[in-house]
Amino acid sequence: MSSSTEPLGPSRQPTLGADMRRDLSDAPFLLAARGRQPSRLPVWFMRQAGRSLPEYRRLRTGVDMLSACFDADLLTEITLQPVRRHGVDAAILFSDIVVPLRAAGVDVEISSGVGPVVRSPVRTASDVDQLPELHTEQVDAVAGGVRALVGELGGTPLIGFAGAPFTLASYLVEGGPSKNHERTKALMHAEPELWHRLMDRLATMAVTFLRAQLAAGADAVQLFDSWAGALSERDYRRFVLPHSSKVFAGIADAGVPGIHFGVGTGELLPAMREAGADVVGVDWRVPLDEAARRMSAGGRDAPVVQGNLDPALLLASWPVVEDEVHRIVEEGRAAAGHVFNLGHGVLPDADPTVLTRIVELVHGLRPGPTGR
């Protein structure tokens, strides 16, 4: 890996072949993600690393979120906790959407009860021009955590993580979380050339961040587009899709499965699949069989899906949860492959024992699409 302070261009990116990571060819999660037949139906949970676990809360006492994300030892331990407790089929790197922004030098903090807050929003051509680039060495601590995890996880795959360009742009333009994304939408429509310049820079940042994780041994990646559901399909295709596609193209030589997930993106699922991911995450609003139908319309091959238990139901009685798990698994058989997950992240008030019971239940159910 280059030690230059210049950003890595396409011709200088390190090769990320299969020989750089563990042989996990029989891992159920990786098989399902590639549309092959796993030995069992794989399951992991978004935001499983932290949130509801008492051991996580003890570890995070006195440590702010972003500091934890840049502490190789802490992020390693936090990532491992749900694997030990629940027996999930994949670990997800403990991180945050704004980690690459912070690493590059953007003044961003995570405010308790609010979320990411950007001190100087990006709204003009000058702002975009001054947005710092991310250099690989700026995320050395994250890469160190990945290397440690690869040594600890045994046969469990590790999923790398990055925020998608649109969601990063939304935080930068709005200055923080937004209900209506009014400044973001105004900028994209009023100054499309500037918008695409901003998005291109953020796509490059996401590629650099993901490649650092892959070079350290990550076995798959998830591109998380929290706010894409605020857009129409037309706007998504015009203003977002080219840049999410750039991210997946920028890591294609790694040969690992890529997951694309957004919240409230039922109308965008076919377009999100076109970005180049192997697996499309589906939130709880759209049944998996309907999601598979939408993404295979026009004669396309059936997709691999991930999801999609409503996280709120983790607080319901076990019979309710059990019925929902069975329903979702059956609906998932309409797809070419299914990775069981939530339709968004684990809620802080969720009982961890319920997650463990879900893993045990899912593992006892027949994997694979109908007819296999």
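These figures come from a predicted structure and were not determined experimentally.

Scoring rules and cut-offs
Residues numbered from 1 in each chain as written. Predicted model: local features only at pLDDT ≥ 70, side-chain atom pairs only at ≥ 80, totals over all residues. Heavy atoms only, no water. Pairing = 2+ DSSP bridges. Helix = DSSP H or I, 4+ residues; strand = E, 2+ residues; numbered from the N terminus. pLDDT = per-residue confidence, 0-100. Contact = heavy atoms within 4.5 Å. 1 Å grid on protein atoms, 1.4 Å probe; cavity = no way out; pocket = protein on both sides within 12 Å on 5 of 7 lines; lining within 4 Å. Points joined across faces, edges and corners; volume = space filled by probe spheres on them. Nonpolar A, V, L, I, M, F, W, Y, C, P; charged D, E, K, R; others polar. Buried < 20%, exposed > 50% of the residue type's maximum accessible area, 1.4 Å probe, protein only. Arc of directions from axis to C-beta. Phe/Tyr/Trp six-rings, centres within 6.5 Å; stacked < 30°, edge-to-face > 60°. Lys NZ or Arg CZ within 6 Å of the ring centre and 35° of its normal. Expected span 1.5 Å × (residues − 1). Core = buried A, V, L, I, M, F, W, Y, C linked by side-chain atoms within 4.5 Å. Salt bridge = Lys/Arg side-chain N within 4 Å of Asp/Glu carboxyl O. Polar contact = N/O pair within 3.5 Å; in protein donor to acceptor, adjacent residues only side chain to side chain. Axes fitted to C-alpha atoms, helices over the stretch in contact; angles between N-to-C directions. Parallel < 35°, antiparallel > 145°, perpendicular 65-115°, else oblique. Left-handed = near helix turned anticlockwise from the far one by under 90°.

Caption draft 1: Molecular detail of the sheet that holds strand E8 (residues 304–309). The strand order E1-E4-E5-E6-E7-E8-E9 describes an open sheet built from 7 strands, whose pairing is parallel. With one partner strand each, in any of the chains shown, strand E1 (91–92) and strand E9 (337–342) form the two edges of the open sheet. Bridge count between strand E4 (residues 158–163) and strand E5 (residues 220–225): 5 bridges; the pairing is parallel. When the sheet's bridge partners are listed, Gly 160 is paired in E5 with Val 221.

Caption draft 2: Inspection of the confidence of the model for the chain at higher detail. For the chain, the average pLDDT comes to 93, and 94% of its residues sit at 70 or higher. Predicted confidence for residues 1–12 stays below pLDDT 50, and this span has 16 contacts to residues more than four positions away or in other chains.

Caption draft 3: Broad picture of the layout of surface pockets. In this structure, the largest pocket occupies an estimated 970 Å³ of space. Looking at the largest pocket, it is lined by 33 residues, and the ones nearest its centre are Arg 47, Arg 51, Met 65, Ser 95 and Asp 96. Taken together, the elements giving at least two residues each to the lining of the largest pocket come down to helix H2 (54–59), strand E2 (108–111), strand E3 (115–118) and E5. Residue classes in the lining of the largest pocket are distributed as 20 nonpolar, 8 polar and 5 charged.

Caption draft 4: Fine view of helix H9 (residues 182–190). Among all positions of H9, only Thr 184, Leu 187 and Met 188 are buried. Axial view of H9: buried residues confined to an arc of 95 degrees, hence all on one face. Tucked inside the fold, the buried residues of H9 contact helix H8 (165–174), helix H10 (192–215) and helix H11 (233–239).

Caption draft 5: Geometry of empty space enclosed by the protein. Summed over all chains, the structure comprises 3 cavities of 30 Å³ or more. Lining the largest cavity are 11 residues, and of these Leu 41, Gly 332, Arg 333, His 338 and Gly 368 lie nearest its centre. Among the secondary structure elements, those contributing two or more residues to the lining of the largest cavity are helix H15 (318–332) and E9. In the lining of the largest cavity, the residues fall into 5 nonpolar, 4 polar and 2 charged.

Caption draft 6: Representation of the pairing of E2 in the model. Relative to E3, E2 runs antiparallel, the two being bridged by 4 bridges. Residue pairing across strands places Val 108 opposite Val 118, the latter belonging to E3. From the end of E2 to the start of E3, which pair antiparallel, there are 3 residues, and Gly 113 there has a positive phi angle of about 80 degrees.

Caption draft 7: The arrangement of the packing of aromatic side chains in detail. Applying the stated criterion across every chain, the model contains 5 aromatic pairs. Above the face of the Trp 284 ring, Arg 285 is positioned so that its terminal group lies 4.2 Å from the ring centre. Seen from the ring of Trp 318, Arg 357 lies directly overhead, with NZ or CZ sitting 4.1 Å from the centre.

Caption draft 8: Expanded view of helix H7 (residues 140–152). Here H7 spans 18 Å end to end across 13 residues, near enough to the 18 Å set by a 1.5 Å rise per residue. Here H7 has its buried residues at Val 142, Ala 143, Gly 144, Gly 145, Val 146, Leu 149 and Val 150. For H7, the elements touching its buried residues are helix H3 (65–69), helix H4 (72–86), helix H5 (99–104), E4 and H10. Where H7 ends, the next residue or the one after it, Gly 154, has phi of about 60 degrees, a positive value.

Caption draft 9: Seen up close, the nonpolar core. If you look at the biggest cluster of nonpolar residues, it comprises 132 residues, and the most contacted ones within it are Trp 44 and Ile 358. Per-element accounting of this core gives the leading share, 13 residues, to H10.

Caption draft 10: How the structure looks around the pattern of salt bridges. As enumerated under the stated definition, the model contains 18 salt bridges in all. Of the charged contacts in the structure, one is a salt bridge between Lys 246 and Asp 200, with a shortest N-O distance of 2.8 Å. One end of the pair, Lys 246, is in helix H12 (residues 241–250); the other, Asp 200, is in helix H10, with 46 residues separating them in the sequence. Close ionic contact of Arg 293 with Glu 290 constitutes a salt bridge, the shortest N to O distance being 2.7 Å. Separated by 3 residues within a single helix, Arg 293 and Glu 290 lie in helix H14 (residues 288–296), roughly one turn from each other. Put simply, Glu 267, Glu 290, Arg 293 and Arg 294 are held in one network by salt bridges that share partners.

Caption draft 11: Expanded view of the side chain of Thr 79. In this fold, Thr 79 is placed in helix H4. A polar side-chain atom of Thr 79 sits 2.6 Å from the main-chain carbonyl oxygen of Leu 75. Side-chain polar atoms of Thr 79 contact the backbone nitrogen of Phe 94, separated by 3.0 Å. Setting aside anything within four residues of it in sequence, one finds Thr 79 in contact with Ala 49, Ala 91, Ile 92, Leu 93, Phe 94, Leu 149 and Leu 158.

Caption draft 12: Structural context of the packing of H15 against helix H16 (residues 352–363). One can describe the packing of H15 onto H16 by two numbers: an axis separation of 11 Å at closest approach and a directional angle of 40 degrees. By the angle between their directions, the pair H15 and H16 is classed as oblique. Regarding H15 and H16, the two cross each other, and that crossing is right-handed. On H16, the residues touching Trp 318, Val 321, Glu 322, Val 325 and His 326 of H15 are Val 354, Arg 357, Ile 358, Leu 361 and Val 362. Its residues assigned to classes, the contact of H15 with H16 comprises 7 nonpolar, 1 polar and 2 charged.

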